[in-house]
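# Commentary on secondary and tertiary structure
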Amino acid sequence: MTTSEDKKPISRSRVILSQVIACLALDFLLIGLGLSISFVTMVLPEVMEAKEGLSITKKQASWFGSIAFLCQPLGSIFSGPLLDHFGRKKALFLVNIPHVIAWLLMYYASNVPTLFIGNALLGIGTGIMEAPSVTYVGEISDPSIRGILTTLTNGFTSTGMFAAYFLGAVLPWRQAALVALTVPLATMVLVLFVPETPIWLLSKGRQKEALDSLCRLRGWSKPIDVEEEFNVLLEYNEEMRQCVLCGQEKQQIEPCEHEKKSLYRRILMKIKYVFFVKETMRPFMLVMAYFFFHTMSGTMPIRPNMVNVCKALGMKYDPKNIVVISGALFILMSILSAFIVKTVGKRKLILGSLLASAGCNLALSIYAHINIPLTVFSYEVHTFTDRKDVLPVVLFLMLICFNGLGIPWILLSEVFPFKSRGIATAMAAASGYVVFFLSSKTNYNIEFAFHLSGTFGLYGTIGFIGTVYLYFFLPETEKKSLAEIESFYKSDRRIFADDFLINSFRKKRSTNSEANNPMLGK
């Protein structure tokens with residue numbers, strides 16, 4: 001029998017330490033993810049129309065810079081089944097295999113197809129990594145520190161980006177690829193020492209292992225210390241085991257009639273009754289809009305060609321050093337956003353970041369219009385001028401800072417209802433990668449047609465439009481439960497945001513409606 005005397009309180013620092021250690025493999029995984037999405041930035045200027053060694057053309061360069069984003073949705077499709085079948089721990093191990101092969105191909109690449117295949121594998125591996133990384137930290141962490149652990153994942157991804165820029169600045173790109181190979185290998189070793197998530201073990205009927213895992217994740221405690229939390233997990237697991245369709249219809253059928261249908265039929269029914277409902281589609285459209293505005297008003301479109309863009313803008317300092325500094329700024333901004341989000345809230349952070357990014361793009365557009373000749377094209381090195389100035393460096397680094405405060409992946413992790421969270425998150429992530437691909441692939445065409453000034457002007461305009469759109473439709477989700485967030489989208493409201501100006505608009509509109517139709521006021 002359990003008594004209060006049997007329980008010995010576990011120190012808070014010990015509980016936090018156990019979860020931080022469990023996240024070490026995940027942290028290395030995210031560093032590898034950051035390396036993979038940024039390494040092309042350092043390779044591209046070295047191989048584009050190179051006079052000796054491996055060389056690619058300008059048009060091949062636009063494909064090389066974006067092909068990883070095109071392949072990432074393919075990885076996202078496989079991440080869900082991989083998670084469910086093998087579990088979170090084994091998935092964290094297996095997702096590193098594409099990156100191991102990719103870095104080896106990069107190192108030994110002797111022709112353009114091999115280079116493209118290596119970059120495509122980096123994209124596939126990145127897509128597979130997203131679901132395990134978000135899922136693992138969410139399922140092993142204590143609710144009181146889940147927010148900061150989830151937000152800090154951006155910091156480790158930014159660390160990987162910084163590492164890619166730094167390696168590219170101090171080493172030839174082949175040697176840098178060989179160094180990058182150590183990250184997935186180290187991750188695979190660390191995964192061997194982390195626990196599986198308790199909820200996945202329960203879903204497979206392994207109750208004793210689930211209890212042992214929870215004890216380890218709560219400060220290496222004893223079963224009696226986690227009894228209450230474990231009982232909650234047991235209840236949660238029972239709810240998950242119910243048929244989604246039966247749960248929706250409030251029926252208790254045993255055995256469930258839907259389980260008798262074919263797998264193809266069950267998938268179609270789940271999409272119809274779970275995904276295509278307003279509480280899922282509304283946040284899905286909001287997330288996709290935010291991904292688009294955040295991407296097209298930030299540095300994603302120019303990231304593969306960032307070194308040459310810095311040269312084309314006539315920045316005073318070594319462009320590779322500027323890119324390294326930008327990687328360090330991404331880390332600082334990710335950490336800063338993790339600490340200030342509790343104070344200012346997600347809504348203000350997102351709107352402020354997007355508006356400031358748009359302003360920086362507009363300032364760069366004006367600078368390029370005044371100072372950069374129309375003949376300059378960042379994909380043609382011979383068109384660059386000898387002009388050197390500090391102002392574009394300042395404006396560019398300001399753009400990096402404000403864009404780094406954006407939190408699209410954090411928003412993605414909390415806006416979907418429980419029943420559709422898996423399929424909606426996977427589809428949103430895959431669609432987000434399509435946006436990344438289109439932004440990178442079209443950068444060549446946009447700059448060719450509108451010059452650097454028109455390119456940054458277009459990105460700034462998109463940012464301003466996005467700020468206005470999200471002002472009306474983005475609700476504040478900080479300090480809100482998942483049930484409260486879901487209620488936003490189940491309601492009949494069309495504008496979900498909540499502040500003084502919008503509420504005044506709602507009140508005025510309601511008053512006018514009642515005046516025009518007196519029956520509404522009764």
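Please refer to the structure placed before this passage.
So, here's what we can say about the structure.

What counts, and at which threshold
Residues numbered from 1 in each chain as written. Predicted model: local features only at pLDDT ≥ 70, side-chain atom pairs only at ≥ 80, totals over all residues. Heavy atoms only, no water. Helix = DSSP H or I, 4+ residues; strand = E, 2+ residues; numbered from the N terminus. Expected span 1.5 Å × (residues − 1). Buried < 20%, exposed > 50% of the residue type's maximum accessible area, 1.4 Å probe, protein only. Patch = residues over 30% accessible without salt bridge, like charges linked within 9 Å, V, L, I, M, F, W, Y side chains within 5 Å. Areas by Shrake-Rupley, 256 points an atom, 1.4 Å probe, with all protein chains shown as cover. Salt bridge = Lys/Arg side-chain N within 4 Å of Asp/Glu carboxyl O. Core = buried A, V, L, I, M, F, W, Y, C linked by side-chain atoms within 4.5 Å. Contact = heavy atoms within 4.5 Å. 1 Å grid on protein atoms, 1.4 Å probe; cavity = no way out; pocket = protein on both sides within 12 Å on 5 of 7 lines; lining within 4 Å. Points joined across faces, edges and corners; volume = space filled by probe spheres on them. Nonpolar A, V, L, I, M, F, W, Y, C, P; charged D, E, K, R; others polar.

### Brief notes about helix 5 (residues 97-108)
With 12 residues, helix 5 should reach 16 Å at 1.5 Å per residue; the first-to-last C-alpha distance of 17 Å fits that figure. Residues of helix 5 that are buried: Pro98, His99, Val100, Ala102, Trp103 and Met106.

### A closer look at a nonpolar patch on the surface
On the surface, a cluster of nonpolar side chains totalling about 410 Å² of accessible area is made up of Tyr317, Val390, Leu391, Val394 and Met398. Mapped onto the fold, Leu391 is located in helix 19 (residues 391-404).

### Some thoughts on the pattern of salt bridges
Between side chains of opposite charge, a pair can form when the charged atoms approach closely. Under the criterion given, the structure shown has 7 salt bridges. With a closest N to O distance of 2.8 Å, Glu209 and Arg206 form a salt bridge. With a relative accessible area of 33%, Arg206 lands in the partly exposed category. We note a salt bridge from Asp212 to Lys208, for which the minimum N-O separation is 3.4 Å.

### Topic: helix 16 (residues 278-296)
The terminal C-alpha atoms of helix 16, which comprises 19 residues, lie 27 Å apart, in line with the 27 Å expected from a rise of 1.5 Å per residue. Buried residues dominate helix 16, accounting for 14 of its 19 residues.

### Considering the nonpolar core
Phe64, Trp103 and Phe396 are the most contacted members of the largest nonpolar core, which has 133 residues in total. The greatest single-element share of this core, amounting to 15 residues, is contributed by helix 18 (residues 319-371). Once you skip the residues sitting within four places of it in the chain, Phe396 turns out to touch Ile302, Met306, Cys310, Met315, Ile322 and Leu364. Grouped together as the second largest cluster of nonpolar side chains are 11 residues, Leu201, Leu202, Ala210 and Val226 included.

### Regarding empty space enclosed by the protein
In this structure the tally under the stated criterion is 3 cavities of 30 Å³ or more. Reported here for the largest cavity is a volume of approximately 620 Å³. Tallied by class, residues from the lining of the largest cavity come to 15 nonpolar, 17 polar and 2 charged.

### Digging into unusual backbone geometry
Positive phi, normally seen in glycine, also occurs at Trp220, with a value near 55°. For Trp220, a relative accessible area of 41% puts it in the partly exposed group. One non-glycine residue with positive phi stands out, namely His451, at about 70°. When you line up the elements, His451 lands in helix 21 (residues 421-473). Take His451: its relative accessible area is 7%, and that puts it in the buried class.

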